[in-house]
Amino acid sequence: MGLVETEAIVLRTYNLSEADKIVVCLTHCCGIIRGVANGARRLKSRFGAALEPFTVVTLDYFEKDGRELVSIKQAEIQRSYFSLTQTAEMVGWMAYLSELIMDFAPPHEPNKNLFRLVSGTLEAVAQNQHRATAIKRYFEVWLLKLSGFMPETRACTSCRKHFDATEKSYTNAENKLQCSACSNAVGVVLSACTRTLLRAVLTRSPQEFAHQWPDFEEEARTEAVSLTGRLIESALERSPRVSEDFLAHTGVHTLT
Ligand SMILES: [Zn+2]
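None of these values were measured; they are calculated from a predicted model.

Draft legend 1. Main features of the packing of aromatic side chains. Applying the stated rule across the entire model yields four aromatic pairs. With a centroid separation of 6.2 Å and an interplanar angle of 75°, the aromatic rings of F104 and F149 are classed as edge-to-face. In this pair, F104 is assigned in helix α1 (residues 88-104) and F149 in the loop between α3 (132-146) and β6 (169-171), connecting sequence segments 45 residues apart. Overall, the relative accessible area of 36% leaves F149 in the partly exposed class.

This is the structure in structure tokens:
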């Protein structure tokens, strides 16, 4: 409680009144926070451009017992990724990312690994915008992993036998992987190359994965997207608000 200083990533802002804004941030120390920035809508605001979405800031805020909204005192820019939102594709990409973060991260719950993942993802996409799709896939897999929703991909969930390098696996109703004997070859197929792709996410940096992305077979990319889509829906018990379908319907096409 009291005054808090932390590194934070601005995810979204809403107009509160003629002069003020509500700001949603992912903070290093306390997870998601929502705060009021008094005067942030004024032309000569002391916040300047610091509260634009996807700005990494040093944030000072005041917290009061029992209040959901904190009071934002100061925000100093460390690094801004707002300039990435120059194209419709990237606006959609960023909206999807922020929506997933807000969906998966409970308020006021510190998660330093998630903070590192989001910072790393933004830096990776800033350096490799043409690989934004690969980096989105990387982010989804890690978000699921950090939230405890990513199934084990090395071994069958039933008999614990490790899959060999070419063996097909099958996902059961809970999206866990089974070998062909345990599943009777029933379930959505997850091929060996898809498991390799998923393992690559978990063992490489986002930049390394983005560079490797074109080398994966189409089958692996499609199966991985389908699996992460099912896992996200199952974790949220609904589709993400900013879904791939939504992006398609608004004319924002998936980057390749
Ligand atoms: Zn088995």
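Draft legend 2. How the structure looks around the coordination of the zinc ion. Only C156 (SG), C159 (SG), C179 (SG) and C182 (SG) from the protein coordinate the zinc ion, and they sit 2.3 Å from it. Ordering the donors of the zinc ion by residue number gives the pattern C-x2-C-x19-C-x2-C. Note that C159 is positioned in the loop between α3 and β6 and C182 in helix α4 (residues 180-183), a separation of 23 residues in sequence.

Draft legend 3. Local environment of the pattern of salt bridges. By the definition in use, this model includes six salt bridges. Two residues, R79 and E123, come together in a salt bridge whose shortest N-O distance is 3.1 Å. Of this pair, R79 sits in strand β5 (residues 69-80) while E123 sits in helix α2 (residues 112-127), placing them 44 residues apart in sequence. Close ionic contact of R154 with E152 constitutes a salt bridge, the shortest N to O distance being 3.2 Å. Exposure remark for R154: the relative accessible area of 40% places this residue in the partly exposed category. For E152, a relative accessible area of 39% corresponds to the partly exposed category.

Draft legend 4. Representation of the packing of α3 against helix α5 (residues 192-203). The contact between α3 and α5 brings their axes to 10 Å, and the two run at 75°. Our classification of the angle between α3 and α5 gives roughly perpendicular. Counted together, Y138, V141, W142 and K145 of α3 and L198, V201 and L202 of α5 form the full contact between these two elements. Along the lines of polarity and charge, the residues of the contact of α3 with α5 split into six nonpolar, no polar and one charged.

Draft legend 5. View of the side chain of T6. Tracing the chain through its elements places T6 in strand β1 (residues 2-15). Judged by relative accessible area, T6 falls into the buried class, the value being 5%. At 3.5 Å, the side chain of T6 and the backbone nitrogen of H28 are in polar contact. Leave out the neighbours within four places in its chain, and T6 touches T27, H28, C29, V57, T58, L59 and Y61.

Analysis parameters
- Residues numbered from 1 in each chain as written.
- Predicted model: local features only at pLDDT ≥ 70, side-chain atom pairs only at ≥ 80, totals over all residues.
- Heavy atoms only, no water.
- Phe/Tyr/Trp six-rings, centres within 6.5 Å; stacked < 30°, edge-to-face > 60°.
- Helix = DSSP H or I, 4+ residues; strand = E, 2+ residues; numbered from the N terminus.
- Buried < 20%, exposed > 50% of the residue type's maximum accessible area, 1.4 Å probe, protein only.
- Donors = N, O, S within 2.8 Å, 3.2 Å for Na, K, Ca; no water.
- Salt bridge = Lys/Arg side-chain N within 4 Å of Asp/Glu carboxyl O.
- Axes fitted to C-alpha atoms, helices over the stretch in contact; angles between N-to-C directions.
- Parallel < 35°, antiparallel > 145°, perpendicular 65-115°, else oblique.
- Contact = heavy atoms within 4.5 Å.
- Nonpolar A, V, L, I, M, F, W, Y, C, P; charged D, E, K, R; others polar.
- Polar contact = N/O pair within 3.5 Å; in protein donor to acceptor, adjacent residues only side chain to side chain.

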